[in-house]
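# Examination of the molecular architecture
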Amino acid sequence: MRIVFMGTPDFSKTVLKTLCENGNTPIAVVTGADKPAGRGYNLMQSAVKKYALEQKIEVMQPEKLSDPIFFEKLSSFDPDVIIVVAYGKILPESVLNLPKYGCINAHASLLPMYRGAAPMQRAIMDGKSETGVTIMKMDKGLDTGDMILTLKTAISDEDNFETVHDRLSKLSGEGVINVLKLLEKGEATFTAQDEKKATYAEKISKSDEIINFYRTAKEISCQIRALTPFPFAYCMFNGKKLKITKADVLSDFDAKGKNPGEIISVNKNGITVATGKGALLITEVFPESKRRMNVCDFINGAKIRQGDILISANY
RNA sequence: CGCGGGGUGGAGCAGCUUGGUUAGCUCGUCGGGCUCAUAACCCGGAGGUCAGGAGGUUCAAAUCCCCUCCCCGCAA
């Protein structure tokens, strides 16, 4: 199989790595342009680019996929299949139709649910108990292609974006390998998505990061887990951002007479804060300008005490 | 030179604006006590010279000025 791989972030890199380690090393990789990022705005290479360079795989970083020079170059590789994982841009039909087997995409959700930019985060945020990856043959729509393979994984109360992301990136790698085999044997089956069940996972915005203590403890917990370790859910304490990175739900806690956001108790177990329904036991935080730390350390340093209020940020 | 926060005993912080007795707090740790017992409580101890610069100012600097190194947030 002559494979061209398209992808950009860490999730994609894991899939690329799996391919390489299984004897399916792509002949070329297409990834996003280097962008200024980090402190000092230094130019940063994508995770996929770094790995591809290490593996001595040719890297392309076209500004536009519609660029005829790029297309010519891509055509010259005469790919049998193009594997696309979180590349970040819409592929033009010319590219979709180029490879013999078409473009194969791994999407981190159980399609047709959670099409779009942030499927993992949205699934966790919505409190889903299950998610997965879908390998599909791409068409011109956004994550609307016919499905070839679906791999599921459960979401537990302990899971957060990081753990789900890691698991799904590995599953995606496995899924893609399997689909390649199916394609080669001509045994791949293509199932159309049920449009009626389609949902869209909008990308995470600033407002998604703000913790609203009037919501239920369960909902807030899901929000925190969906946004850890990036970009984090936060509230305000003493005029500063306080990201909450871990918290347990105390669903049977009777918060009557307490205002949402009010701190009910502070002890070695953590900080208990009232919510719209039930309470939240905060066990790990990430204060502004500080490091992510165990809640005990935070309690020792900040003089937080019972009766203090955590405010839902609004700026 | 994108903007901002910070480097103080093992951890998290205060002190620095208005320089000057033994550098303070919470936790951990070590020893002792209380207790059937304890992560609970009580008593006592060890441990820092304040990122680095045989730098500047000063009678005197963790506290003011200068330089270097490092960490973090924003932004992406």
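Our structure's up above, just so we're on the same page.
### Some words on unusual backbone geometry
With an omega of 10 degrees, the peptide bond running from L111 to P112 counts as cis. If you trace the backbone, P112 turns up in the loop between β7 (103-107) and α5 (119-125). Of note, the amide linkage connecting F230 to P231 takes the cis form, showing an omega dihedral of -5 degrees. With a phi close to 45 degrees, A86 is a non-glycine residue in the positive phi region. Within the fold, A86 resides in the loop between β6 (81-85) and α4 (93-96). Its relative accessible area of 38% is what places A86 among the partly exposed residues.

### A word on helix α1 (residues 10-21)
Relative to the 16 Å expected for 12 residues at 1.5 Å per residue, α1 spans 16 Å between its end C-alpha atoms, a close match to the ideal helical length. The set of residues buried in α1 consists of F11, S12, T14, V15, L16, T18, L19 and C20. Looking at the residues trailing α1, positive phi occurs at G23, about 75 degrees.

### Overview of the sheet that holds strand β1 (residues 3-7)
Overall, mixed pairing links the 7 strands, which are arranged β5-β2-β1-β6-β7-β8-β9 in an open sheet. Each edge of the sheet is formed by a strand with only one pairing partner; in this case those strands are β5 (58-60) and β9 (146-154). The average undirected angle you get between the axes of adjacent strands in this sheet is 20 degrees. Bridge count between strand β2 (residues 28-30) and β5: 3 bridges; the pairing is parallel. Of the residues in β5, the one forming a bridge with V30 is M60. Contacting β1, β2 and β6, α1 crosses the sheet at an angle of about 160 degrees to β1. Helix α6 (residues 161-185) contacts β1, β6, β7, β8 (130-137) and β9 of the sheet and is inclined by roughly 145 degrees relative to β9.

So, how was this worked out
Residues numbered from 1 in each chain as written. Chains lettered and ligands numbered in written order. Predicted model: local features only at pLDDT ≥ 70, side-chain atom pairs only at ≥ 80, totals over all residues. Heavy atoms only, no water. Helix = DSSP H or I, 4+ residues; strand = E, 2+ residues; numbered from the N terminus. Buried < 20%, exposed > 50% of the residue type's maximum accessible area, 1.4 Å probe, protein only. Expected span 1.5 Å × (residues − 1). Pairing = 2+ DSSP bridges. Axes fitted to C-alpha atoms, helices over the stretch in contact; angles between N-to-C directions. Contact = heavy atoms within 4.5 Å.

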